[in-house]
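Structural overview
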Amino acid sequence: MGRIAKYYREYGVRIVRGFMQYVWDDQGRRYVDCNTNHGVVFLGHANPKIAEAVKRQLEEVWAVPLNFSTPARERFIEEFSKLLPAKFGIVFLQNTGTEAVEVAIKIAKKVTKRPTIVAFTNSFHGRTMGSLSITWNEKYRKAFEPLYPHVRFGKFNVAAEVDKVVGEDTCCVVVEPIQGEGGVNPATPEFLKALREETQRKGALLIIDEVQTGFGRTGAVWAFQKYGVEPDIFTAGKPVAGGLPIGLAVAKEEFGDVFEPGEHGSTFAGNAVVMAAAAAASRLLREEDVPAKAERAGAELAKALAETGSRLAVRVKGMGLMLGLELRVKADQFIQPLLDRGVMALTAGVNTLRFLPPYMISKEDVEVVHGAVSEVLKKAEAP
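Notes on the structure in this doc start here. All of these numbers come straight from a predicted model, not from anything done at the bench.

Scoring rules and cut-offs
- The numbers attached to residues start from 1 for each chain and follow its sequence in the written order.
- A pLDDT threshold of at least 70 governs which residues receive local features in this predicted model, and a stricter bar of 80 or more applies before side-chain atom pairs are shown or counted, although totals over entire chains, interfaces and linings include all residues.
- The side-chain figures draw on all heavy atoms in the structure; neither hydrogens nor water molecules are used.
- Secondary structure counts use DSSP, requiring at least four H or I residues in a row for a helix and at least two E residues in a row for a strand, with both numbered from the N terminus.
- Restricting the calculation to C-alpha atoms gives the radius of gyration, and the globule rule supplies 2.2 Å times the number of residues raised to the power 0.38.
- Exposure categories follow from relative accessible area, calculated using a 1.4 Å probe and restricted to protein chains: below 20% of the type maximum is buried, above 50% is exposed, and the middle band is partly exposed.
- By definition in these notes, contact holds between two residues if any of their heavy atoms fall within 4.5 Å.
- The Shrake-Rupley method, run with a 1.4 Å probe sphere, supplies the accessible areas, and residue values consider only the shown protein chains as cover.
- Only four residue types enter the charge count: Lys and Arg as positive, Asp and Glu as negative, with His and the chain ends excluded.
- Where a charge lies is defined by one atom per residue type: Lys uses NZ, Arg uses CZ, Asp uses CG and Glu uses CD.
- The criterion is simple. A nonpolar core is a set of buried Ala, Val, Leu, Ile, Met, Phe, Trp, Tyr and Cys residues joined through side-chain atoms within 4.5 Å.
- Residues qualify for a patch when their relative accessible area is over 30% and they have no salt bridge, like charges being joined within 9 Å and the nonpolar side chains of Val, Leu, Ile, Met, Phe, Trp and Tyr within 5 Å.
- By convention in these notes, a salt bridge is any Lys or Arg side-chain nitrogen within 4 Å of a carboxyl oxygen on Asp or Glu.
- Aromatic rings from Phe, Tyr and Trp, with only the six-membered ring used for Trp, were paired whenever their centres fell within 6.5 Å, and each pair was classed as stacked if the ring planes differed by under 30 degrees, edge-to-face if by over 60, and tilted otherwise.
- For a Lys NZ or an Arg CZ to count as sitting over a ring, it must be within 6 Å of the ring centre and within 35 degrees of the ring normal.
- Where helices are involved, their axes are fitted lines through C-alpha atoms of the stretch in contact, as for all axes, and angles between N-to-C directions lie from 0 to 180°.
- Should an angle lie under 35 degrees it is considered roughly parallel, over 145 roughly antiparallel, and from 65 to 115 roughly perpendicular; all remaining angles are considered oblique.
- By convention the crossing between two helices is left-handed if the near helix lies anticlockwise of the far one by an angle smaller than a right angle, and right-handed if it lies clockwise.
- Any pair of nitrogen or oxygen atoms within 3.5 Å is treated as a polar contact; in protein, a donor-acceptor pairing is required on top of that, and neighbouring residues in sequence qualify only through side-chain atoms on both sides.
- Grid points spaced at 1 Å over the protein atoms alone were grouped into cavities, where a 1.4 Å probe fits but cannot get out, and pockets, open sets with protein on both sides within 12 Å along at least five of seven lines, with lining residues defined by an atom within 4 Å of a point.
- Grid points are joined across faces, edges and corners, and a volume is the space filled by probe spheres set on the points.
- Each residue after the first adds 1.5 Å to the expected span of a helix.
- When DSSP finds two or more bridges between a pair of strands, those strands are recorded as paired.

This part takes up the overall build of the protein chain. What the protein chain contains, in helices and strands, is 13 helices and 17 strands. At 21 Å, the protein chain has a C-alpha radius of gyration in line with the 21 Å of a compact globule built from 383 residues. Seen along its three principal axes, the alpha-carbon backbone of the protein chain occupies a region of about 60 × 55 × 45 Å. The burial tally for the protein chain puts 57% of its 383 residues in the buried class. Sequence separation of 24 or more characterises 72% of the internal contacts of the protein chain that already satisfy a separation of 6 or more. Element-wise, carbon and sulfur atoms account for 53% of the exposed surface of the protein chain, whose accessible area totals about 17,400 Å². With 49 positive and 46 negative side-chain charges, the protein chain shows a separation of 4 Å between the mean positions of the two kinds.

Okay, the nonpolar core next. Nonpolar side chains in soluble globular proteins tend to end up buried together. Ranked by internal contacts, the top residues of the largest apolar core, which has 95 residues, are Leu43, Phe76, Phe80, Leu248 and Phe355. Among the nonpolar cores identified, the runner-up in size contains 23 residues, and Ile107, Ile117, Ala119 and Ile207 belong to it.

Together, Tyr11, Val13 and Ile15 line one region of the surface with nonpolar side chains, adding up to about 210 Å² of accessible area. On the accessibility criterion, Ile15 (39% relative accessible area) is partly exposed.

Attention now goes to the packing of aromatic side chains. Inspection of every chain in the model, using the stated rule, returns 15 aromatic pairs. Taken together, the aromatic side chains of Phe76, Phe80, Phe88, Phe215, Trp222, Phe224 and Phe234 make up a single cluster linked through ring pairs. Directly above the ring of Trp24 sits Arg17, whose terminal nitrogen or CZ lies 3.9 Å from the centroid. Cation over ring: Arg30 sits above Tyr22, and NZ or CZ is 3.9 Å from the ring centre.

What follows concerns the packing of helix α11 (residues 290–306) against helix α13 (residues 363–381). Look at α11 against α13: their axes get within 9 Å of each other, and the N-to-C directions meet at 20°. By the criterion of interaxial angle, the relationship of α11 to α13 is roughly parallel. As α11 packs across α13, the resulting crossing turns out to be right-handed. Contacts from Glu300, Leu301, Ala304 and Leu305 in α11 reach Lys363, Val366, Val369, His370 and Val373 in α13.

Now for the side chain of Asp25. By the secondary structure assignment, Asp25 is in strand β2 (residues 22–25). Salt bridges are absent for the buried Asp25, whose nearest opposite-charge side chain, Arg29, sits at 5.8 Å. A distance of 2.7 Å separates the side chain of Asp25 from the side chain of Tyr31, its partner in a polar contact. In contact with Asp25, not counting residues within four places along its chain, are Val13, Arg14, Ile15, Val16 and Tyr31.

The subject of this paragraph is the layout of surface pockets. By volume, the second largest pocket amounts to about 640 Å³. What lines the second largest pocket is a set of 24 residues, and nearest its centre among them are Leu66, Val91, Phe92, Leu93 and His264. For the lining of the second largest pocket, the secondary structure elements donating two or more residues are α3 (71–81) and β4 (88–94).

Moving on: helix α10 (residues 272–287). Taking 1.5 Å as the rise per residue, α10 with 16 residues should run 22 Å; its terminal C-alpha atoms sit 22 Å apart, in good agreement. Here α10 lies mainly inside the structure; 13 of its 16 residues are buried. The opening residue of α10, the one whose side-chain oxygen lies 3.0 Å from the backbone nitrogen of Val273, is Asn271. A positive backbone phi angle near 50° is found at Asp289, which sits one or two residues after α10.

Here we take up the sheet that holds β4. Within the open sheet, the seven strands sit side by side as β4-β12-β11-β10-β7-β5-β6. Their pairing is mixed. The sheet is open, and its two borders are formed by β4 and β6 (151–154), each paired with just one other strand. Averaged over all adjacent pairs, the angle separating strand axes in this sheet is 20°, with direction ignored. As paired strands, strand β10 (residues 205–209) and strand β11 (residues 233–236) are joined by three bridges and run parallel to one another. By the bridge assignment for β11, Ile207 is matched with Ile233. Helix α8 (residues 189–202) rests against β5 (116–120), β7 (170–175) and β10 of the sheet, and its axis sits at about 165° to β7.

Let's shift gears to the sheet that holds strand β14 (residues 322–327). Judged by pairing direction, the sheet is antiparallel, and its four strands sit side by side in the order β13-β14-β17-β16 without closing on themselves. Of all the strands in the sheet, the pair left with one neighbour each is β13 (313–319) and β16 (346–348). On average, each strand axis in the sheet is tilted by 30° relative to the strand beside it, whichever way the strands run. Bridge count between β13 and β14: six bridges; the pairing is antiparallel. The partner of Met319 across the bridge, within β14, is Met322. Packed on one face of the sheet, α11 meets β13, β14 and β17 (352–355) and runs near 10° to β14. Sheet strands touched by α13: β13, β14 and β17. Its angle to β14, the strand with the most contacts, is close to 15°.

Looking at the secondary structure, you find Val350 in the loop between β16 and β17. Expressed as a C-alpha distance, the spacing of Val350 and Glu181, which sit 169 residues apart in the sequence, is 9.4 Å. For Val350, the residues in contact, after removing those within four places along its chain, are Lys330 and Ala331.

Set out below in structure tokens:
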């Protein structure tokens, strides 16, 4: 009998059901989900409004190539467009965040006809070969080198050096408004503004990677809106289809229809079932004012994480419901003890516990998370 290849750490928990902010294992134990499949289930497990749309679509049609139009795709673009800032109207449908980054880079290379991509220390943009080339951490890259050679890494959040790293050979600058995998590190307004000014000066495109930050999690629909900085292209993914696979690159009109037939494509992009889920998710985000709820819940969770009383805790980082608790020790040692106390979390970088709960996390859930985190840190302090 075959088996699934192992390239993720396993925790010995078998999840059999999920609803909104909770999941249950095969022993009937309930967990507050602050992992949400690396941020994918921001709108909740089996959210009824999304589940109903998926069920309806399953009875109609599932997979139709992009050569043909479908009502599901039309409904998605109608709803999703209501979440887009002015000037952004061209949506490239993909299946994952890393694919969204790849197509954004391809747009920049075709438009500018330049070779060099600029990225930053502690960045994470995906694991396919192009996006891996602009991912900083050696542990993701080393086994697969040589990668795309025309990449320059600048120092994240060092605005004074932006003019040195963005050159006349730069096709695009790719940056996360909050680095997720790299440690939940928010960009400073000065840094993003410097990137915007320098890319405009040098004729390069600014690509903001919103795969984890976007779609309401940080307290705005798109995190770049909090900075008052507008990119040329931004990427989205994780929560946009409520948990089904999706990736998007969203471009300003002038960078829209740049590909000739055959220069880009995707077999599964625009899948009708995924489109139905994404249309329902986009409508839900707007009608329930999800970003505002994430802002409020995030403030409560950040306050609770800051009050663990542990000398191992350094500070709380992030925005909205994308939060990290920076520690003085390695963070991965606490994932299993948190699971044992009914909380699913994940790490970021080496020494940060990351919390990415759904937007409907309650005050009672926050208390559970606070109690579990306080307990495991206190236990680690003991001699």
